[in-house]
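Read off the chains here:
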Protein chains: 2
Amino acid sequence: MVSIKEVAEEAGVSTATVSRVLSSSDHVRPELRQRVMEAVEKLQYRPNLVARSLRSQQSNTIGLIVSDIRNPFFTSISRAVEDSAYKQGFSVLLCNTDEDPEKEKIYLQLMRDTNVAGVIFSPTRQIMSDLASLPFDFPMVIVDRSVPDVDVDTVLLDNVESAYRLTSHLISNGFRRIGALFGETSTTGIQRQRGYEEALKAHGIPLVPEYIKHLQPRVEASYKIATSMLQLPHAPDALLTSNSLIMEGALQALRACNLSIPEDIALVGFDETPWTLLVQPAITIIAQPTDEIGKTAADLLFQRIAIPTRPTRQIILKGQLMVRGSSTPLHLKAM
Amino acid sequence: MVSIKEVAEEAGVSTATVSRVLSSSDHVRPELRQRVMEAVEKLQYRPNLVARSLRSQQSNTIGLIVSDIRNPFFTSISRAVEDSAYKQGFSVLLCNTDEDPEKEKIYLQLMRDTNVAGVIFSPTRQIMSDLASLPFDFPMVIVDRSVPDVDVDTVLLDNVESAYRLTSHLISNGFRRIGALFGETSTTGIQRQRGYEEALKAHGIPLVPEYIKHLQPRVEASYKIATSMLQLPHAPDALLTSNSLIMEGALQALRACNLSIPEDIALVGFDETPWTLLVQPAITIIAQPTDEIGKTAADLLFQRIAIPTRPTRQIILKGQLMVRGSSTPLHLKAM
DNA sequence: TTGTAAGCGTTATCAA
DNA sequence: TTGATAACGCTTACAA
């Protein structure tokens, strides 16, 4: 492994000069610069980024901490983040927490220990109290979830509003007994529940506790809970799900119960996935602008890395209601 | 940021002793060990991994280089790799190449520059010739694709055999005009094509060049190519797709053409995705054991990191044919 | 504009 | 068993 020292010797200059040519825009005589470049080329020199990072106390790596990369929402976010990072010359450390606060802590510590430039994080509710107290000195951007009492950059969907619109859509299409499945680990589920409840209230529809469930945001959990909800004496005529994994489990449950959508029951949810348009009928959803969320989070992070004292921002993006067959109005059902 | 020096002072020992207590199993007097641990605890000391990596010339990071994390196959692989890495105390640098050889090179260089412990890589065909010549000294495991002339650990599906079985399944169900869409960037597509062609030959069915297409493994490309194939004068009565993105585009095309599956045309492919069981009819596929592939790749890598001279291995895993409604026999179609 | 030399925070060598 | 001390490969004052 050729080092900066050998390049310096080859070019007949000091290591400082090589370093200047390579990383700073310091004034170096063109002739020397040329000699250095040639030596670099000849020896196929590549700077050791570990040494550079140790010395300069900076790094070109950012951390991305999400609950599960297999959740299509996070898959998409990750891709967008990696893309932005690549363009800025950064690379991405991927961390899955499985919504486990212990894993979250371990990964946050790792971020500190490896001296990353910054972190994009989608935290559970449990970790939040710690978040303020733990001494995390690196730049951080929160995505998808909100951290109420901490002054930190955040990129969020307008969850209350989106859930409100989704629920209102069901109501105006004639559905009244709207079962709802929310993720229990994040603030997102809570906010979406608020939107759901506000919509019901606004339309004078009573809340039915049996219709509201909180669960781990996983396919299997959702399948179970949805199945049991479908077996209620007075079963729902519509199901609202608060993320795509939950929606997947719910759809499996509907299929297992041989229920027709939307004739027997409507199904709506959040997030565009490869299959929302492929199943029949297609599923009505709130599409989150995942690319933009990821890109915005990365942008915020790079800005904070550049200017650590910058005032924090909370960016709230709008979801888009995509009306499809799975929530067709009751009076059209016979058609 | 508290350093080893401060811990040493606090404990009244040298930095060497602190280092020994923390990272090596060297013999340290229990009493000193105790004092060091207390100092570590008191000062909340955490070793700086960058410095450690620079000095020891090792690291606890592995690279994962895939074409696109949004491909459900790679999503699942990534999750499995990250899981295994976490258990071994490693973290994962995620890199998307978009099947672009230039990006592959850049990322491979990054791996070298950051001194990663090793890399799990799914290369394009183009990069392979370079792979032998480029001086990549780090441990590497190839997944999903094969690199014929390089002595490197590999984890693969039995692609020829799997495609053979999938094609034979279609044939024995009465389909004869089997269109096939293969990814053009990987060896995987080529091998699956071989299995497809061998199955046709074995059953005395002539190859029709118009029925065989190579394309970028992307949804949009697949949609276009599939659509044009469906408009052939003598259109296929079945479509075989060589990965889930291609399958997705093909299914979109079938839907756009208002074709019924399997009455008008059968559809089969590779990879279990969230939707293969949710669409109706469910799709017949070869399921790859993605968890096992990822886990095996990580295991191989850690073994090679531990013993660099270990003889290389090629591990070939079997796919599982999941027969579903999308390839129901012709004589049952009327039912 | 360039070179010398002092670190960055560890670990590894060598003596004690 | 322990402690000085020299690296690891780079950047950056400071001097020249």
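Residues numbered from 1 in each chain as written. Chains lettered and ligands numbered in written order. Predicted model: local features only at pLDDT ≥ 70, side-chain atom pairs only at ≥ 80, totals over all residues. Heavy atoms only, no water.

Explain the protein's contact with DNA strand C here, please?
Around DNA strand C, the structure places 25 residues, and the nearest of them are Thr-17, Arg-20, Arg-29 and Arg-55 of chain A together with Ser-19 of chain B. Taking the atoms of DNA strand C that fall within 4 Å of the protein, sugar and phosphate contribute 61% of them. A distance of 2.5 Å separates a phosphate oxygen of DNA strand C from a polar atom in the side chain of Ser-19 of chain B. Measuring from a phosphate oxygen of DNA strand C, one finds a backbone N or O atom of Asn-48 of chain B at 2.9 Å. Mapped onto the surface near DNA strand C, the elements with two or more residues apiece are helix H2 (15–23) and helix H4 (49–56) of chain A together with helix H2 (15–23) and helix H4 (49–56) of chain B. In terms of residues, the surface near DNA strand C owes the most to one element, H2 of chain B, which gives 4 residues. (Near = heavy atom within 4 Å. Polar contact = N/O pair within 3.5 Å; in protein donor to acceptor, adjacent residues only side chain to side chain. Helix = DSSP H or I, 4+ residues; strand = E, 2+ residues; numbered from the N terminus.)

Just to check I follow, could you spell out the relation of the copies chain A and chain B for this structure?
Superposition of the two copies of the chain requires a rotation about an axis together with a shift along that axis. Mapping chain A onto chain B calls for a rotation angle of 180° and an axial translation of 0.0 Å; the resulting RMSD is 0.1 Å. Between the two chains, the operation in question is that of a two-fold axis. Mapped onto chain B, 100% of the interface residues of chain A again fall at the interface, so both copies present the same surface. (Least-squares fit on C-alpha atoms with pLDDT ≥ 70 in both. Contact = heavy atoms within 4.5 Å.)

Is there a simple way to explain H2 of chain B in this structure?
In an α-helix, one turn spans 3.6 residues; hence positions three or four apart end up facing the same way. Residue and element names in this part refer to chain B. Every buried residue belonging to H2 is among Thr-17, Val-18 and Val-21, and all of these are buried. Angular distribution of buried residues about the axis of H2 spans 100°; they occupy a single face of the element. On its buried side, H2 packs onto helix H1 (4–11) and helix H3 (30–43). (Buried < 20%, exposed > 50% of the residue type's maximum accessible area, 1.4 Å probe, protein only. Arc of directions from axis to C-beta.)

Can you help me understand the packing of aromatic side chains in this one?
All names here are of chain A. Overall, the coordinates contain 8 aromatic pairs over all chains when judged by the stated rule. Between Phe-73 and Phe-74, the ring centres sit 5.1 Å apart and the planes meet at 65°, which makes this aromatic pair edge-to-face. Residue Phe-73 shares its accessibility class with Phe-74, and that shared class is buried. The interplanar angle of 45° and the centroid separation of 4.8 Å between the aromatic rings of Phe-90 and Phe-302 together place this pair among those described as tilted. (Phe/Tyr/Trp six-rings, centres within 6.5 Å; stacked < 30°, edge-to-face > 60°.)

How should I be thinking about the interface of chain A and chain B in this particular structure?
Much of the literature gives interface size as the accessible area that the parts lose upon coming together. With 47 residues of chain A in contact, the opposing surface of chain B contributes 47 residues. Counting the surface chain A buries against chain B, the share from its top three residues, Arg-46, Arg-79 and Leu-278 of chain A, is 16%. For Arg-46 of chain B, the salt bridge identified is with Asp-113 of chain A, shortest N-O distance 2.5 Å. When residues of the side of chain A that touches chain B are traced back to their parent elements, those giving at least two are H4, helix H5 (72–87), strand E2 (91–96), helix H6 (101–113) and helix H11 (244–256) of chain A. The dominant element in the side of chain A that touches chain B, judged by the number of residues it contributes, is H6 of chain A, at 7 residues. Of the residues in the side of chain A that touches chain B, the class split is 20 nonpolar, 13 polar and 14 charged. (Buried area = accessible area lost by both parts, 1.4 Å probe. Salt bridge = Lys/Arg side-chain N within 4 Å of Asp/Glu carboxyl O. Nonpolar A, V, L, I, M, F, W, Y, C, P; charged D, E, K, R; others polar.)

I keep staring at the environment of Val-50 of chain B and nothing clicks. Help me out?
For Val-50 of chain B, the location among the structural elements is in helix H4. Taking relative accessible area as the criterion, Val-50 of chain B reaches 9% and is therefore assigned buried. Measuring from C-alpha to C-alpha, the distance between Val-50 of chain B and Glu-9 of chain B comes to 22 Å, with 41 residues separating the pair along the chain. Excluding residues within four positions of it along the chain, Val-50 of chain B makes contact with Val-50, Ser-53, Leu-54, Asp-113, Thr-114 and Asn-115 of chain A.

Please clarify how the UniProt feature "domain: HTH lacI-type" (unreviewed entry) in chain A should be interpreted in this entry.
The residues that UniProt annotates with the feature "domain: HTH lacI-type" (unreviewed entry) are residues 2–56 of chain A. Between the C-alpha atoms that bound residues 2–56 of chain A the distance is 20 Å, and the span itself is 71% helix and 0% strand. (UniProt positions renumbered as here; feature names shortened; annotations may be inferred.)

In this structure, what is going on with the sheet that holds strand E8 (residues 238–241) of chain A? I would like to understand it.
Paired through their backbone hydrogen bonds, the strands of a sheet run either parallel or antiparallel. Residues and elements named next belong to chain A. Read from one edge to the other, the open sheet built from 6 strands follows the order E7-E6-E8-E9-E10-E12, with strand pairing classed as mixed. The open sheet has two edge strands with one neighbour each: strand E7 (212–215) and strand E12 (320–322). Within the sheet, the average angular offset between the axes of one strand and its neighbour, ignoring direction, is 15°. Bridging between strand E6 (residues 178–183) and E7 involves 4 bridges; their strand directions are parallel. Bridge assignment links Ala-180 to a residue of E7, and that residue is Ile-212. (Pairing = 2+ DSSP bridges. Axes fitted to C-alpha atoms, helices over the stretch in contact; angles between N-to-C directions.)

Hey, could you run me through the protein's contact with DNA strand D in this one?
DNA strand D sits among 25 residues. The nearest are Ile-4, Tyr-45 and Arg-55 of chain A together with Thr-17 and Arg-20 of chain B. In DNA strand D, the atoms that sit within 4 Å of the protein are 63% sugar and phosphate, with bases accounting for the remainder. Contact between DNA strand D and Arg-29 of chain B: a phosphate oxygen at 2.7 Å from a main-chain N or O atom of the residue. At a separation of 2.6 Å, a base nitrogen of DNA strand D approaches a polar side-chain atom of Arg-55 of chain B. Here the surface near DNA strand D takes 4 residues from H2 of chain A, the largest share from any one element. Class assignment of the residues belonging to the surface near DNA strand D gives a composition of 10 nonpolar, 8 polar and 7 charged.

What is the right way to look at the domain arrangement of chain A in this model?
Residues and elements named next belong to chain A. Per the domain assignment, the segments making up chain A are domain 1 (4–46), domain 2 (57–155 + 289–315) and domain 3 (159–288 + 321–333). Each of domain 2 and domain 3 was reduced to a C-alpha centroid, and the two centroids are 29 Å apart. Contact residues are listed per partner, giving 14 residues for domain 2 and 18 residues for domain 3. Here domain 2 meets domain 3 over a buried area of about 1200 Å², counting both sides, of which 49% is carbon and sulfur. Here domain 2 is connected to domain 3 by 0 salt bridges. The tally of links from domain 2 across to domain 3 stands at 7 residue pairs in polar contact (both at pLDDT 80 or more). Counting residues per element, the ones that place at least two in the side of domain 2 that touches domain 3 are H5, helix H7 (125–133) and helix H12 (290–306). Among the elements that make up the side of domain 2 that touches domain 3, the one with the highest residue count is H7 (3 residues). Considered class by class, the residues forming the side of domain 2 that touches domain 3 number 5 nonpolar, 5 polar and 4 charged. (Domains from an automatic or database assignment.)

Is there a simple way to think about the side chain of Asn-243 of chain B in this case?
All names here are of chain B. Within the secondary structure, Asn-243 sits in the loop between strand E8 (238–241) and helix H11 (244–256). A polar side-chain atom of Asn-243 sits 3.0 Å from the main-chain amide nitrogen of Ile-246. Excluding anything up to four places from it in sequence, Asn-243 contacts Asn-71, Pro-217, Phe-270 and Asp-271.

Just to check I follow, could you spell out the sheet that holds strand E6 (residues 178–183) of chain B for this structure?
All names here are of chain B. Across the sheet, which stays open at both edges, the 6 strands sit in the order E7-E6-E8-E9-E10-E12 with mixed pairing between neighbours. Either end of the sheet is taken by a strand with one partner, and the two such strands are strand E7 (212–215) and strand E12 (320–322). Across the sheet, the mean angle separating the axes of adjacent strands is 15° when strand polarity is ignored. Against the sheet, helix H9 (residues 187–202) touches E6, E7, E8 and strand E9 (266–270), its axis set at about 160° to E6.

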